[in-house]
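Chain by chain, the residues run as shown.
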Amino acid sequence: MADSDTSARRRKLDPDAVKAKLEEIDRDVETEKAHKNPRKRTVQDRLDDDNAYTSLYLDIFRVLTFLFLASCGLSYLISGGETLFWGMSNPPKYLQADWWKKQFRGPIYLTPAELAAYDGTDPTKPIYLAINWTIYDVSANRRTYGPGGSYHYFAGCDAARAYVTGCFAEDRTPDMRGVEEMFLPLDDPAVDRHWSGAELAQLRAKERAEAEKKVHEGLAHWVDFFRNNPKYDFVGYVKKPEGWPGTEPRRPLCEAAAKGRKRRVVPGQEGH
């Protein structure tokens, strides 16, 4: 009786449950085998990986090449050919050996004759100009201050007088004596008779003081221009000749500046 009951229970086992259990056991066995014996990489697997890396490097190279060429092209168009890779007639300061040398040396002192050698006629030398005995390197604007440039008159000398008078060719000198005369009114007996002698002397003194102030302000404007201009480097000073300016004759006012002088005007008749 007991044997028949046991047989009955065996017959009642669920086939699906047994099948699921067996499949689970098979999966566990396969997993264990995979951990113990991982699949060996084939030659094709290695080739596929190499091709993937090669493709990635090529994509990076293409992007960098495009950016480089685009940068060069845009730079060339915007700067008219003045680029690091297309050649630079006037490279920036930080790419010039002379600029770095200047950073580690003090101011230089040149005589007027020595300064004249830096007027731009020698392309191997920088272009210097001086104003009020102070020297600046204007090589960054070689087209303007070099030979044939509109301001070549100022190169290689101290032409402080010309900055005020406007006579570039005639006044290439730092001698400012008499420049104030360009701002003084002309004497005219027919007009001057409206003042007494004392009044006229007082008026002339006032006019001269105002004229000297205009000269000072006119020169100071250009001194500040070169001193504060980031394109032009301070170089040093011009050696003032001994006894100067007494060693040179007093210059007359240049023709263009003299023509700008007007007659003195009687108060109340300014509009006539």
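Reading the values: the criteria
- Residues numbered from 1 in each chain as written.
- Predicted model: local features only at pLDDT ≥ 70, side-chain atom pairs only at ≥ 80, totals over all residues.
- Heavy atoms only, no water.
- UniProt positions renumbered as here; feature names shortened; annotations may be inferred.
- Helix = DSSP H or I, 4+ residues; strand = E, 2+ residues; numbered from the N terminus.
- Buried < 20%, exposed > 50% of the residue type's maximum accessible area, 1.4 Å probe, protein only.
- Polar contact = N/O pair within 3.5 Å; in protein donor to acceptor, adjacent residues only side chain to side chain.
- Pairing = 2+ DSSP bridges.
- Phe/Tyr/Trp six-rings, centres within 6.5 Å; stacked < 30°, edge-to-face > 60°.
- Lys NZ or Arg CZ within 6 Å of the ring centre and 35° of its normal.

For the protein, an unreviewed UniProt entry supplies the name Cytochrome b5 heme-binding domain-containing protein and the organism Chaetomium strumarium. On record in UniProt, under Sequence similarities (unreviewed entry), the comment for the protein is "Belongs to the cytochrome b5 family. MAPR subfamily."

Attention now goes to the side chain of Ser139. Counting through the fold element by element, Ser139 comes out in the loop between strand S3 (134-137) and helix H6 (142-145). In this structure Ser139 comes out as buried when scored by relative accessible area, which is 15%. In this structure the side chain of Ser139 is engaged in a polar contact, spanning 2.6 Å, whose partner is the side chain of Asp137.

Working note: regular strand, side chains alternate between the two faces of the sheet. As defined by bridge partners, strand S1 (residues 108-110) adjoins strand S4 (residues 233-238) across three bridges and the pair is classed as parallel. Among the inter-strand pairings, Ile108 is bridged to a residue of S4, identified as Gly236. Where S3 lies against S4, four bridges are found, and the strand directions are antiparallel. Residue pairing in the sheet places Tyr136 in a bridge with Phe234 of S4.

For any pair of aromatic rings, the description consists of the separation of the ring centres together with the inter-plane angle of the planes. Overall, the coordinates contain 19 aromatic pairs when judged by the stated rule. Taken together, a centroid distance of 4.2 Å and an interplanar angle of 20° make the contact between Phe154 and Tyr163 stacked. Here Phe154 and Tyr163 have matching classes, each one buried. Relative to Phe225, the ring of Trp222 lies with its centre 5.5 Å away and its plane at 75°, an arrangement referred to as edge-to-face. Residue Trp222 and its partner Phe225 are both found in helix H9 (residues 197-228); the two are separated by three residues, about one turn of the helix. Judged by relative accessible area, Trp222 falls into the partly exposed class, the value being 28%. Looking at Phe225, the relative accessible area reads 33%, which means it is partly exposed. Above the ring of Tyr118, the side-chain terminus of Lys125 is found at 5.4 Å from the ring centroid.

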